[in-house]
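This is what each chain is made of:
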Amino acid sequence: MEGVTNAGPGRPRLTARRRPGGTARAEILDAAAELFTTRGFAATSTRHIAEAVGMRQASLYNHFATKDDILVALLADTVTPALDFAENLRPLDASPEVKLYALSYLDAAQLITGRWNLGVLYLLPELRSDRFMSFRADRDRLREQYRALAQAVLDALGDPASTQLAELPFRLVESVISARADALEGTPIPDAAVIAGSALRILGWRQDLDPIHTEAAELIANAETSTLSGAASAPDNVDAMKT
């Protein structure tokens, strides 16, 4: 039938593939990410997503039972790579400032370079429901990893009393979400190295950042991490850091 592409088992697709990703699931996530961040979550239906992919709405339900399930998967992609990386950093023999720089760099890079600015979805009122409890728990765990590393840096600087400062690196990294949104109006986005260096400077760390940058690049190269999305994959990050 003209205009219909066979997608394997099940009913044929309505159109040829039009989205990045090697699977129908990846295409659905890409379409949903675009629509949720541009049209709005509440205003987007599974029919809209299926049409953006070029598949029947019924076929979409072979991959995701509900629109909420799609949002859960997208949100997980924004925190799981950084959380896995942070947990892999814990046993490594490196200074806390190197670990904090590496985590901040990797996390900021994926937030900056992801195809869609998924961090804007953190403010959705729907995320307060129990359906998204797992995402909220993972984000809290990531925040605690940042806080622990920042506190270790403060302790090394001899300033353990400044516990409120330990919360700032996590907030600084997530500020790239709003910076990216503002970039639509022409405001430049700080690159990941600027964010990572600032995460240390905001704690009072004043030494040369070049050796920290070099060591952090090696941590990103050597740590066993989950697959990172978009241009924030570990090999690409390391190449960028070394230039």
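Owing to the predicted nature of the structure, the values given are computational and were not obtained by experimental measurement.

1. Overview of the overall build of the chain
Each helix and strand in the chain was counted, giving ten helices and zero strands. Here the contacts in the chain between residues at least 6 apart in sequence split such that 68% fall between residues at least 24 apart.

2. Details of the side chain of Glu174
Structurally, the position occupied by Glu174 is in helix α7 (residues 168-182). With near-sequence residues (within four places) excluded, Glu174 lies in contact with Leu111, Tyr122 and Arg139.

3. Observations regarding the nonpolar core
Formed by 69 residues in total, the largest nonpolar core has its most connected members in Phe36, Ile49, Ile70, Leu71 and Leu103. Where this core is concerned, the elements lending two or more residues are α1 (24-38), α2 (46-53), α4 (67-89), α5 (96-113), α6 (133-156), α7, α8 (192-201) and α9 (210-222). Apart from residues no more than four positions distant in its own chain, Leu71 is found in contact with Phe36, Phe41, Leu121, Leu124, Leu127 and Phe132.

4. So, the confidence of the model for the chain
With 82% of its residues at a pLDDT of at least 70, the chain reaches an overall mean of 86. Mean pLDDT per element in the chain: helix α10 (residues 234-242) is the minimum at 49, and α8 is the maximum at 97. Contacts from residues 1-10, a stretch scored under 50 in pLDDT, to residues over four places away or in other chains number 14 contacts. Every residue in residues 225-237 is under pLDDT 50, and counting partners more than four places away or in other chains gives 23 contacts.

5. Description of the pattern of salt bridges
Per the stated rule, a full pass over the model turns up eight salt bridges. Notably, a salt bridge pairs Asp69 with Arg131, separated by 2.0 Å at the nearest N-O pair. Here Asp69, found in helix α4, pairs with Arg131, found in the loop between α5 and α6; they are 62 residues apart in sequence, far enough to count as distant. Its relative accessible area of 38% is what places Arg131 among the partly exposed residues. With a closest N to O distance of 2.4 Å, Arg141 and Glu87 form a salt bridge. Separated by 54 residues along the polypeptide, Arg141 in helix α6 and Glu87 in helix α4 bring together distant segments of the chain. Among the residues examined, Glu87 registers a relative accessible area of 30% and is labelled partly exposed. Overlapping salt bridges, with partners in common, bring together Glu87, Asp138 and Arg141 in one network.

Procedures and definitions
- Residues numbered from 1 in each chain as written.
- Predicted model: local features only at pLDDT ≥ 70, side-chain atom pairs only at ≥ 80, totals over all residues.
- Heavy atoms only, no water.
- Helix = DSSP H or I, 4+ residues; strand = E, 2+ residues; numbered from the N terminus.
- Contact = heavy atoms within 4.5 Å.
- Core = buried A, V, L, I, M, F, W, Y, C linked by side-chain atoms within 4.5 Å.
- Buried < 20%, exposed > 50% of the residue type's maximum accessible area, 1.4 Å probe, protein only.
- pLDDT = per-residue confidence, 0-100.
- Salt bridge = Lys/Arg side-chain N within 4 Å of Asp/Glu carboxyl O.

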